Amino acid sequence: MRFMPESPQNASQVRTSSCINHMLTTLLTEFWHEFWEGSFEHNGKRRYAEHYELVRSLVPAENLLEYKMGEGWKPLCDFLDEPVPEGRKFPRLNDTEGFVGRCRRRNHMQMLNVLFRASLYGGSMLAIVLSAGMTVRKFLGSHGKAW
């Protein structure tokens, strides 16, 4: 079914959607402005540190784990009172090596996509040129005319 804003029912949906969109945009803009005090660049680090201090003040120390990436299993397992897994590497999904690997795979897939599209369009153009050439040759060849 095609969406047609001219119909009364759909027009009201568009107005409602537009109104909700405007309210959400206004709300998020105000939140962003208030939270970052008008400037993320100037206040971001300070507000980040203040947020962590607020969390530390609200959560009892025995219920709070402040984990730094790269510390491995031990702090997490100690906090959860679980044994450290033997022979199991800590998952590192967003390290430099993984990031580079994902970028290479994405670039490889993009190049394959370019080759596929080029062969698709190029093959189509070649088929058009060959069929046009054969058609012209058939008509001109039947009358004994040469190019």
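Everything below is about the structure shown above.
Just so it is clear, the structure is predicted and the values come from calculations on it, not from any experiment.

Topic: the overall build of the chain
Helix and strand counts for the chain stand at four helices and zero strands. Across the chain, helices and strands are ordered from the amino to the carboxyl terminus as α-α-α-α. Burial status across the chain gives 8% buried among its 147 residues. Partitioning the intrachain contacts of the chain with sequence separation of at least 6 by distance along the chain shows that 0% fall at a separation of at least 24. Carbon and sulfur atoms provide 63% of the accessible area of the chain, an area that totals close to 13500 Å².

Thoughts on the packing of aromatic side chains
A full pass over the atoms with the stated rule returns eight aromatic pairs. Each ring, one from Phe31 and one from Phe35, has its centre 5.6 Å from the other, and the planes form 20°; the classification is stacked. Here the residue Phe31 and the residue Phe35 both occupy positions in helix H1 (residues 8-35), the gap between them amounting to four residues, near one helical turn. Considering the side-chain rings of Trp36 and Phe40, the 4.8 Å spacing of their centres and the 85° angle between planes classify their relative orientation as edge-to-face. With relative accessibility at 44%, the residue Phe40 sits in the partly exposed group. Taken together, the ring pairs in this structure connect Phe31, Trp32, Phe35, Trp36 and Phe40 into an aromatic cluster.

Quick word on the pattern of salt bridges
Applying the stated criterion across every chain yields a total of six salt bridges. Measuring nitrogen to oxygen at the nearest pair gives 2.7 Å for the salt bridge that ties Arg46 to Glu50. Here Glu50 and Arg46 lie together in helix H2 (residues 40-58), a separation of four residues that amounts to about one turn. We classify Glu50 as partly exposed; its relative accessible area is 33%. Among the salt bridges present, the one from Arg56 reaches Glu53, with a minimum N-O distance of 2.7 Å. With Arg56 and Glu53 both in helix H2, this residue pair falls three residues apart, about one helical turn. Given the relative accessible area of 34%, Arg56 is considered partly exposed. Salt bridges linked by common partners bring Glu37, Arg46, Arg47 and Glu50 together as one network.

Rules of the game
Residues numbered from 1 in each chain as written. Predicted model: local features only at pLDDT ≥ 70, side-chain atom pairs only at ≥ 80, totals over all residues. Heavy atoms only, no water. Helix = DSSP H or I, 4+ residues; strand = E, 2+ residues; numbered from the N terminus. Buried < 20%, exposed > 50% of the residue type's maximum accessible area, 1.4 Å probe, protein only. Contact = heavy atoms within 4.5 Å. Areas by Shrake-Rupley, 256 points an atom, 1.4 Å probe, with all protein chains shown as cover. Phe/Tyr/Trp six-rings, centres within 6.5 Å; stacked < 30°, edge-to-face > 60°. Salt bridge = Lys/Arg side-chain N within 4 Å of Asp/Glu carboxyl O.

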